[in-house]
Amino acid sequence: MRKPGAKQFVFSPWTIAGIGIMAFGVFGLFLDSADTRPDRWVRWFVGGALVHDLIVAPIVIGVGLLVALVPRRFQGPVQGALISSAIVGITAFPFVGGFGRRSDNPSALPNDYAAGLLWVLAVIWAVAGAWILWRLRKGRRQAP
Amino acid sequence: MRWDERLRIGPFRQGAFSSALHSERNAAWLGMALGITFSVCFLTGLLSHGIQQPPSWFVWTSRPAGLYRLTQGIHVATGLASIPLLLAKLWTVYPHFWSWPPLRNVAHGLERISLLPLVGGSIFMLMTGLANIGLWYPWGFFFPTAHFWAGWITIGALVVHVGAKITITRAVVNGSHEEEDVEPAGLSRRGFLGIAAATSGLITLTTVGQTFRPLSRLGVLAPRRPDVGPQGFPVNKSAVGARVTETARDERFRLVVEGNVGEPLSLSLDDLRAMPQHDAVLPIACVEGWSAEARWSGIRVRDLLVMARAPEQPTVAVESLQLSGRYRASELNHLHAGDPDTLLALRVNGETLHIDHGYPVRLIGPNRPGVLQTKWVHKLVVQ
C-alpha cells in the first residue's frame, strides 16, 4: 500500500479542518490571555509531552528490563500488574497527596486515599497472583 | 560509516525498541478508543461551557432536571477512563519519538510537527482535568478557560491525526493490515490492550461513585462522596471562603427584587418564611463530575416575579452577598425563571439551610450547573 504523499496530507480535508480548529483554539487562548496566561500555559502544554517522552517512558523501559529477570511464565501477569499499578498510582496521586484539601471545607477529599490506593493495588496483585496460579496449574496438566 | 549513520546512537539505533508491544495494530485500536472518549469529553465540555457563557442564540432548557448532572458525570468519568488508554497508546508509538532520520521529507516533517499539539494537548487535558477534580491548582492560569481553549487545540490536532491515520486504521479494522507476528516474552499484544481496558474499568469503578450513587461505596478514589458534607451533601465554596459569614447572618438581611418590575420588593427572612413554600428534590451537579440530590424547600422564583409584577418571559440576574469572585452572580433565562421547581430555598433536607449551603437564601433549579446555583442570594434584578 503506497503511503500518501505530502500534497495529499497537507491538502486533505482532515488537515485543513484540523488546522482551522487548532487556529481557533490558539486565537481563543490569546483572546482570553488574562485568564489563560499563555506564557505559563505553554510550559504545561509542552512540558507534559516532554516529561512523558524523556522521563516517564525511559522509566517504563527500565522497569521492563527488570521484568525480564522474572521467570518467563510469570512475566505476563507481572507486567500487567505493574502497568495497571503504575497507571492507577498516577491517577490517584493528586488525591493521595491531598493538595486540594482546605481547612474550611471538610467535604473536599474526605477519604483516606492512601488506604484506598492500597486496596486497589491489593486487588490488582491478587488478580495477578490468581493468573500466575492458573498458569502454574495449566503447566502441570500439560507436563508429560 | 556515513556521517548521519554515526549520529544514530542510543534510542536512535535501528531496532533499539525491541518490545513487541510497540504494535501498529494496538496503536490503531487504542487510537479509535481515544477518538471516541475525547469526542465525548469535547462535546460534554462544550455544552457545559455554553451553558455558563451562552452565545446569544443558545437557550438552555430547565428540563430534564438531571440532564446537566448526567453530561458532566460522563465528562469526568470519560476523562478519567482515558488516562490508561492514552498512556497505553503513547507506549505503543513511543519508538516514533526517536525515529531516524528526524525529517525524511515534507509530509513526514509536517506529520511529526502536528503530533506536538496532539500529544501535548492530550496530556494537558487529562492532567489538568485530573488535578482540577482534586482541587489542585499548581499552575498560574485560570483552569476553566485554559482547559477550554486547549480542548479546541487538542481536538484540531486529533482531526489532523485522524486524516493521517485513516487508511491504516481501516486496514487494521478490516483485517488487511499486515504485521509481523511476534510471540512476546511477557504480556501479549492482546493482553496489553486487555490490561489498558481493565485499568480503565478499575479507575471508573473506584471514582464514578462521586456522581453515580449506586456505586458510591466503591468510590475509594473518588475526590468527593455524595453523602459527605453539612446536611448530607458536599460543599464547594464555603461561607468562610466566600467571606459572607457576617453579612449572611445579619438581622437586617433583605431579599431585594428590582429592575424591570412594576413593584420592587424588599423582603425580610420572616416575610420569605411566611410566603407559600414549595418542595423539590433536585441535584447539585458540579462540573467537576460529582453530584448529590437533596430535598429543597423554598419560594418559587416565578411566584416572586408575579408578586413583583415582572414582565412575561423575563431574564433574571441573581446576585450573591459574596462580593468578589466569578460566580457571585448567575442568570436565569425565561425557561429557568418560569420553571415551577426553580426555587429560592430556605431549607434543605428538613433543616434550615446551612451557611455553607447558602443560608439564608439559595437559588436551586433543575438542570443547572452547580456554580450557577447561586448561594447567599440577596438580590434579583429583572431584565
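Below or above, wherever it landed, is the structure these notes cover. Keep in mind that what you see is a predicted model, and the values were worked out from it rather than measured. (Residues numbered from 1 in each chain as written. Chains lettered and ligands numbered in written order. Predicted model: local features only at pLDDT ≥ 70, side-chain atom pairs only at ≥ 80, totals over all residues. Heavy atoms only, no water.)

Below, the discussion takes up the overall build of chain A. Within chain A, the secondary structure is distributed over six helices and zero strands. Secondary structure elements in chain A, listed N-terminal to C-terminal, are α-α-α-α-α-α. By its C-alpha atoms, chain A is 70 × 60 × 25 Å across when sized along the principal axes. Counting all 144 residues of chain A, 34% fall into the buried class. For chain A, the exposed surface amounts to about 8,700 Å²; the carbon and sulfur share of it is 71%. Of note, chain A has its 15 positive side-chain charges centred 26 Å away from the centre of its 6 negative side-chain charges. (Helix = DSSP H or I, 4+ residues; strand = E, 2+ residues; numbered from the N terminus. Buried < 20%, exposed > 50% of the residue type's maximum accessible area, 1.4 Å probe, protein only. Areas by Shrake-Rupley, 256 points an atom, 1.4 Å probe, with all protein chains shown as cover. Lys, Arg positive; Asp, Glu negative; His and termini not counted. Charge placed at Lys NZ, Arg CZ, Asp CG, Glu CD.)

Moving on, we come to the overall build of chain B. Counting secondary structure elements, chain B contains eleven helices and ten strands. Summarising its shape, the C-alpha atoms of chain B cover approximately 90 × 40 × 40 Å along the three principal directions. Residue burial in chain B is summarised as follows: out of 383 residues, 54% are buried. Considering only contacts within chain B whose residues lie at least 6 apart along the sequence, 69% involve residues at least 24 apart. Here chain B has roughly 17,100 Å² of accessible surface; of this, 58% comes from carbon and sulfur atoms. Averaging the coordinates of the 35 positive side-chain charges in chain B and doing the same for the 28 negative ones gives two points 4 Å apart. (Contact = heavy atoms within 4.5 Å.)

With that settled, consider helix α4 (residues 38-67) of chain A. With 30 residues, α4 of chain A should reach 44 Å at 1.5 Å per residue; the first-to-last C-alpha distance of 42 Å fits that figure. Taking the largest bend as the criterion, α4 of chain A deviates by roughly 35°, centred on His52 of chain A. (Expected span 1.5 Å × (residues − 1). Bend = angle between axes of the 7 residues up to and from the residue.)

All right, on to empty space enclosed by the protein then. Overall, the coordinates contain two cavities of 30 Å³ or more when judged by the stated rule. Lining of the largest cavity is provided by Gly73, Val76, Ala77, Leu80, Thr207, Val208, Gln210, Thr211 and Gly289 of chain B. The biggest single contributor to the lining of the largest cavity is helix α3 (residues 67-93) of chain B, with four residues. In the lining of the largest cavity, the residues fall into four nonpolar, five polar and no charged. Empty space within the second largest cavity amounts to approximately 30 Å³. What lines the second largest cavity is simply Val88, Thr91, Ala92 and Phe95 of chain A together with Ile203, Thr206, Thr207 and Leu221 of chain B. If you list the elements that add at least two residues to the lining of the second largest cavity, you get α5 (72-97) of chain A together with α6 (189-207) of chain B. The element that contributes the greatest number of residues to the lining of the second largest cavity is α5 of chain A, accounting for four residues. Partitioned by chemical class, the residues of the lining of the second largest cavity number five nonpolar, three polar and no charged. (1 Å grid on protein atoms, 1.4 Å probe; cavity = no way out; pocket = protein on both sides within 12 Å on 5 of 7 lines; lining within 4 Å. Points joined across faces, edges and corners; volume = space filled by probe spheres on them. Nonpolar A, V, L, I, M, F, W, Y, C, P; charged D, E, K, R; others polar.)

The next thing to look at is the sheet that holds strand β1 (residues 255-259) of chain B. What links the strands of a sheet is backbone hydrogen bonding, and the strands pair in either a parallel or an antiparallel sense. Residues and elements named next belong to chain B. Strand order across the open sheet formed by five strands is β2-β1-β10-β5-β6, with mixed pairing between neighbours. A single partner strand is all that each edge strand has here, and the edge strands are β2 (265-267) and β6 (329-332). Averaged over all neighbouring strand pairs, the angle between strand axes comes to 15°, with direction disregarded. Of the pairings in the sheet, the one linking strand β5 (residues 316-320) to strand β10 (residues 377-382) comprises five bridges and is antiparallel in character. Looking across to β10, one finds that Val316 is bridged to Val382. (Pairing = 2+ DSSP bridges. Axes fitted to C-alpha atoms, helices over the stretch in contact; angles between N-to-C directions.)

On the chain B side, the residues contacting the 65 residues of chain A number 77 residues. Contact between chain A and chain B buries roughly 6,200 Å² in total, counting both sides, with carbon and sulfur atoms accounting for 77%. On the chain A side of the contact with chain B, Trp14, Trp44 and Phe45 of chain A bury the most area, a combined 12% of that side's loss. On inspection of chain A and its partner chain B, the count reaches one salt bridge. Among the ionic pairs, Asp35 of chain A bridges to Arg326 of chain B, the shortest N-O distance being 2.6 Å. The tally of links between chain A and chain B comes to 21 residue pairs in polar contact (both at pLDDT 80 or more). If you list the elements that add at least two residues to the side of chain A that touches chain B, you get α1 (6-10), α2 (13-31), α3 (33-36), α4, α5 and α6 (113-142) of chain A. Examining the composition of the side of chain A that touches chain B, we find that 15 residues originate from one element, α5 of chain A, more than from any other. Tallied by class, the residues present in the side of chain A that touches chain B amount to 38 nonpolar, 19 polar and eight charged. (Buried area = accessible area lost by both parts, 1.4 Å probe. Salt bridge = Lys/Arg side-chain N within 4 Å of Asp/Glu carboxyl O. Polar contact = N/O pair within 3.5 Å; in protein donor to acceptor, adjacent residues only side chain to side chain.)

Function cannot be inferred from these measures alone, as they are strictly geometric.
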